[in-house]
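Summary of the model geometry
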Amino acid sequence: MQTATAVILAGLAVLALFGSSTQGKDWWENGNYYQIYPRSFRDSDGDGIGDLNGVSEKLQYLKDIGFTAVWLSPIFKSPMADFGYDISDFYQIQPEYGTMEDFENMIKKAKEVGIKIILDFVPNHSSDENEWFTKSVDGDPAYADFYIWHNGKINATTGEREPPSNWISVFRYSAWEWNDVRQQYYLHQFATKQPDLNYRNPAVVNEMKNVMRFWLGKGVAGFRIDAVPFLFEVELDRYNNYPDEPLSDDVSTCPDPDDHCHLKHPYTQDQPETLDMVYQWRALADEFKKEHGGDTRILLTEAYTSFDNMILYYGNGVLNGSHIPFNFDFLTNLQNDTKAPSVVEHIEKWLNAMPSGVIANWVLGNHDNKRLASRYGVQRADLFNILLQTLPGNAVTYNGEELAMTDVYISWEDSVDPQACNSDPDRYYGLSRDPARTPYQWDASPNAGFTSGDHTWLPVSDDYKQNNALAQLRAPQSHLQILKKLVRLRKEPSFQDGELNIKAADDDVIIYSRQKAGSDLYVIVLNLGSTDKTININSHYSLGSRAEVITTSVQSQYTDGEVIDPTQFKAQAYVGTVLVAA
């Protein structure tokens, strides 16, 4: 008699030949999205920096895992003050990463492989080395108002000129920088080399739409849009001034007046016009498909904002917005010590708040946060990947999370992230994003197979000889093998269209089911805690007298394909398990 696992795998092989179980869904719905940090993914030319040819080389690997699409952190021409988020030419490729021909070859390879490419679009600011900014500084009439400029204020006591307001940069210190040539201050909500574009100028709006059309024309499947809440600032008052922002409610938690968190940000974030801009970009993507045919072009939006705002990014009931407004409620509220009821609460909160006709999404990592395995513990990496892959909707994975890569210690002297470098030796590490951006660990060869060169732009993890993609592909059970099985499992009808029934069995254990009428009942058990628990699964969901383990964490006492008694299920500490009625 075949096991359920064998039947599932056989069924998936049939689906691969004769069509998907997801017929009727658009390509992006219930998809698996993989973020590539290109600088650290794969170096093809030995200079220690990842590049586009390196990405092309590894697209088949990502397709074999089962990812729907990859989105690349910025690849546009940049002086690299913020590693690509400071763009000097929105229409050119950063030379370190390759040429336009390399980009076009990557798009061609992706089509051959059957995986979509999504680009990181950075609309809030440019580099100060962008010709737009140079022309704006020089007073070129076409660009004079491309950025936010202000004369500043004269201090009544000292008579000295000072910034227009108390606004603080995300990277610390004043968000205003004096320009000697123009004799005005310009706004930069991030680094001084990242002047904010002026979205109250229609010429800026049109230019950035042209940027989007250009890359859509090159064959990308859409955009991940960066730092959306910062697009607009409050308008000038009748005296041509900007208001100061108020102190945070609890200044004691952020006492340094140079820190961004020292203030609230009602005048520099989440202005009403921001949502309309997202809706305009969605209309552009939809229009591009109508005009040029092909598949749906999608938008993914990055917005660390209020929960209600995140939901509004989907649309307002009249206008459509982001296809995938990143669920940062999930990312920011799941901490190392979060209890099971709280996890369930945040899952249900998102699902219950979504407007009809949209798709949920789940995000647990990216290049701006400590790695999943470092935040939650390597022993729980599989558990959280199981959670990510078995919830309804779209899943987003940051490169390396499939291997349970961990943060790499980067000294103050070796730090390159401006968010850390604008701090000090005592506080930099908590702010630094460098530890989560280190080179991908491909194999046990020198420098983890990331480069043929003798150096890397950030250090490679010391554990790469033990923890790398090749070793995990060869192992009978590994973090990567578990993820591959989960990605295949998501194609089953119960995971594509099945209802989610989820609960916290106690403070440590989450238990939930996925089932579509007429299809298999799956039950997932996740023990977040440090103590083993024995559970009668049938007191929650009816698996019958026998259940089969589909997949489980690497350290689990159970093995894939093992048949167990669901009334005496041992939920081991830090272990996640997917079961189906046998």
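Since we're looking at a predicted model, the values are computed, not measured.

Reading the values: rules and limits
- Residues numbered from 1 in each chain as written.
- Predicted model: local features only at pLDDT ≥ 70, side-chain atom pairs only at ≥ 80, totals over all residues.
- Heavy atoms only, no water.
- Helix = DSSP H or I, 4+ residues; strand = E, 2+ residues; numbered from the N terminus.
- Rg over C-alpha atoms; globule rule 2.2 N^0.38 Å.
- Buried < 20%, exposed > 50% of the residue type's maximum accessible area, 1.4 Å probe, protein only.
- Contact = heavy atoms within 4.5 Å.
- Core = buried A, V, L, I, M, F, W, Y, C linked by side-chain atoms within 4.5 Å.
- Axes fitted to C-alpha atoms, helices over the stretch in contact; angles between N-to-C directions.
- Parallel < 35°, antiparallel > 145°, perpendicular 65-115°, else oblique.
- Nonpolar A, V, L, I, M, F, W, Y, C, P; charged D, E, K, R; others polar.
- Domains from an automatic or database assignment.

1. Examining the overall build of the protein chain
Secondary structure assignment for the protein chain yields 16 helices and 23 strands. The C-alpha radius of gyration computed for the protein chain amounts to 25 Å, which stays within 12% of the reference 25 Å derived for 582 residues, consistent with globular compactness. Considered along the principal axes of its C-alpha atoms, the protein chain spans approximately 85 × 50 × 50 Å. Counting across all 582 residues of the protein chain, residues that qualify as buried make up 59%. For the protein chain, contacts bridging at least 24 residues in sequence account for 67% of all contacts bridging at least 6.

2. Comments concerning the nonpolar core
Nonpolar side chains in soluble globular proteins tend to be buried together. Phe103, Leu119, Tyr199, Trp215 and Phe223 are the most contacted members of the largest nonpolar core, which totals 81 residues. The contacts of Leu119, once residues within four sequence positions are left out, are Leu72, Ile75, Phe76, Phe103, Trp215, Val220, Gly222, Phe223 and Arg224. One finds Trp27, Ala69, Phe326 and Leu372 within the second-largest nonpolar core, a separate group that totals 58 residues.

3. Remarks on the packing of helix α2 (residues 52-65) against helix α3 (residues 100-113)
Put simply, α2 and α3 touch, their axes get as near as 9 Å, and they point 10° apart. On the basis of the axis angle, α2 is roughly parallel to α3. For the pair formed by α2 and α3, the contact residues are Leu52, Asn53, Val55, Ser56, Leu59, Gln60 and Lys63 on the first element and Asp102, Phe103, Met106, Lys109, Ala110 and Val113 on the second. Class assignment for the residues of the contact of α2 with α3 results in seven nonpolar, three polar and three charged.

4. Quick word on the domain arrangement of the protein chain
How big an interface is tends to be stated in terms of accessible area lost as the parts join. Examined at the domain level, the protein chain breaks down into domain 1 (126-198 + 234-265) and domain 2 (496-581). One C-alpha centre belongs to domain 1, the other to domain 2; they are set 53 Å apart.

5. Brief notes about the side chain of Thr397
Summarising the element assignment, Thr397 is placed in strand β15 (residues 394-398). In contact with Thr397, not counting residues within four places along its chain, are Tyr33, Tyr34, Gln35, Phe67, Leu388, Gln389 and Glu402.

6. So, the environment of Gln557
Mapped onto the secondary structure, Gln557 falls in the loop between β20 (547-552) and β21 (563-564). Placed 88 residues apart in sequence, Gln557 and Ala469 show a C-alpha to C-alpha distance of 24 Å. Setting aside residues up to four positions removed in sequence, Gln557 forms contacts with Glu562, Lys570 and Gln572.

7. Things to note about the environment of Gly365
With respect to the element layout, Gly365 can be found in the loop between β14 (361-363) and α10 (372-376). Residue Gly365 is classed as buried on the basis of its relative accessible area, which comes to 4%. Separated by 115 residues in the primary sequence, Gly365 and Leu480 have C-alpha atoms spaced 16 Å apart. Filtering out sequence-adjacent residues up to four positions away, Gly365 remains in contact with Leu331, Arg375, Tyr398 and Glu401.

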